[in-house]
Amino acid sequence: MVKKGTDKRRYDRVAGVYDIFELPMELMAFSKWRSELFRYVESGKILEVGIGTGKNILYYSNWDVAGLDISHKMLKKAVKRAFDLNKKIDFVQGDAEYLPFRDESFDGVISTYVFCSVENPENGLKELYRVLKTGGRAYFLEHVRSENEIVGKLMDAVNPAIRVIGPEINRKTVENIKNAGFIIVRDVKLMLSVFRLVIAEKAFNQAVSDIQGHH
Ligand SMILES: C[S@@+](CC[C@H](N)C(=O)[O-])C[C@H]1O[C@@H](n2cnc3c(N)ncnc32)[C@H](O)[C@@H]1O
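Peer 1: Even after reading the chapter, I still don't get the site of the ligand, so can you show me in this structure?
Peer 2: Near the ligand you find 21 residues, and of these Arg34, Gly50, Asp69, Ala96 and Thr112 are the closest. Look at the ligand: alone it shows 590 Å² of surface, and the protein chains cover 98% of it. For the shell around the ligand, the elements supplying multiple residues, two or more each, are helix 1 (6–14), helix 2 (18–38) and strand 2 (64–69). By residue class, the composition of the shell around the ligand is ten nonpolar, six polar and five charged.

Here it is in structure tokens:
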């Protein structure tokens, strides 16, 4: 189900210039972090949510990938990129908050710079948890509210203006990931903790979460 919400409109509107707009950040840090994240991804059936213009396709191995996005204009760019890179991907237009997949259907899920946009991130993260197989991992690169209080307050102040054109920059996404039921297995703080590389698991049983709790 595709919600006729603001995220879809927002990203349909910027799709044409998105890659150019993001290029400085991509060159400065994003690409490096993407390749770092993809070193951890284990093979299998993978879902990438908020695939956008498909910047991660470059890093895919021979996995069975479904790529979902709410914006058909962003997806169109991803389709072209997959074609250019000769990668076969099942593209789906859909909402991360209402994933059109059965429970436990993926070995891994990927999200890069998405949960700053999804309107109700908790709902989307619970959906990722639902469609992930038990024992599977979710791989995130997200920008979040900095743990540095000065930077955090600054982010709170500029957030409303930034939200007009794009993401919400002061979310507590790592907490949201935990609240969705995941166990955090890796949490790397990047650039004054404004960005996070997070690997989270849908744990086999409570024993695993108990062990985690003792670390
Ligand atoms: C900042 S872009 C990041 C795109 C891509 N993941 C990347 O790393 O370049 C955020 C993407 O999330 C998508 N998005 C936002 N809300 C969504 C939702 N509720 N469901 C699915 N995709 C969504 C947007 O359309 C956009 O393509």
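Peer 1: How do you make sense of the packing of aromatic side chains when you look at a structure like this?
Peer 2: Under the criterion given, the structure shown has 14 aromatic pairs. Relative to Phe195, the ring of Phe30 lies with its centre 5.5 Å away and its plane at 65°, an arrangement referred to as edge-to-face. One end of the pair, Phe30, is in helix 2; the other, Phe195, is in strand 7 (residues 195–201), with 165 residues separating them in the sequence. Phe195 carries the same exposure label as Phe30, and that label is buried. With 5.5 Å between their ring centres and 20° between their planes, Phe38 and Tyr59 make a pair best called stacked. One end of the pair, Phe38, is in helix 2; the other, Tyr59, is in the loop between strand 1 (45–49) and strand 2, with 21 residues separating them in the sequence. The exposure class of Phe38 is buried, given its relative accessible area of 7%. You can call Tyr59 partly exposed: its relative accessible area is 21%. Taken together, the ring pairs connect Phe30, Trp33, Tyr113 and Phe195 into an aromatic cluster. The lysine or arginine in question, Arg39, covers the ring of Tyr40, its NZ or CZ lying 5.7 Å from the ring centre. Sitting over the face of the ring of Tyr129, Lys202 holds its NZ or CZ atom 4.8 Å from the ring centroid.

Peer 1: For this particular structure, what's the right way to read the environment of Leu85?
Peer 2: Considering the arrangement of structural elements, one finds Leu85 in the loop between helix 3 (72–84) and strand 3 (89–93). With residues near it in sequence (within four places) discarded, Leu85 still touches Ile57 and Leu58.

Peer 1: How should I be thinking about a nonpolar patch on the surface in this particular structure?
Peer 2: Taken together, the side chains of Phe21, Val164 and Ile165 make up a nonpolar region of the molecular surface, amounting to roughly 340 Å² of accessible area. For Val164, the location among the structural elements is in helix 5 (residues 149–165). Assessed through its relative accessible area of 57%, Val164 is described here as exposed.

Peer 1: Can you help me understand the sheet that holds strand 2 in this one?
Peer 2: Backbone hydrogen bonds hold the strands of a sheet together, and the pairing may be parallel or antiparallel. With mixed pairing, seven strands are arranged side by side in an open sheet as 3-2-1-4-5-7-6. Bordering the open sheet on either side are strand 3 and strand 6 (183–190), each of which pairs with just one other strand. If you compare each strand with its neighbour and ignore which way they point, the axes differ by 15° on average. As defined by bridge partners, strand 6 adjoins strand 7 across seven bridges and the pair is classed as antiparallel.

Peer 1: So what exactly am I meant to see when it comes to the nonpolar core here?
Peer 2: Buried together is how nonpolar side chains tend to be arranged in soluble globular proteins. With 27 residues, the main nonpolar core has Trp33 and Tyr60 as its most contacted residues. At the level of elements, helix 2, helix 3, strand 5 (132–143), helix 5 and strand 7 are the ones that each hand at least two residues to this core. Here this core takes five residues from helix 2, the largest share from any one element. The contact partners of Tyr60, leaving out residues within four places of it in the chain, are Phe38, Glu48, Ile51, Val65, Lys87 and Ile89. In this structure, Ala66, Phe101, Phe140 and Ala180 belong to the second largest nonpolar core, which totals 25 residues.

What counts as what
Residues numbered from 1 in each chain as written. Predicted model: local features only at pLDDT ≥ 70, side-chain atom pairs only at ≥ 80, totals over all residues. Heavy atoms only, no water. Near = heavy atom within 4 Å. Areas by Shrake-Rupley, 256 points an atom, 1.4 Å probe, with all protein chains shown as cover. Helix = DSSP H or I, 4+ residues; strand = E, 2+ residues; numbered from the N terminus. Nonpolar A, V, L, I, M, F, W, Y, C, P; charged D, E, K, R; others polar. Phe/Tyr/Trp six-rings, centres within 6.5 Å; stacked < 30°, edge-to-face > 60°. Buried < 20%, exposed > 50% of the residue type's maximum accessible area, 1.4 Å probe, protein only. Lys NZ or Arg CZ within 6 Å of the ring centre and 35° of its normal. Contact = heavy atoms within 4.5 Å. Patch = residues over 30% accessible without salt bridge, like charges linked within 9 Å, V, L, I, M, F, W, Y side chains within 5 Å. Salt bridge = Lys/Arg side-chain N within 4 Å of Asp/Glu carboxyl O. Pairing = 2+ DSSP bridges. Axes fitted to C-alpha atoms, helices over the stretch in contact; angles between N-to-C directions. Core = buried A, V, L, I, M, F, W, Y, C linked by side-chain atoms within 4.5 Å.

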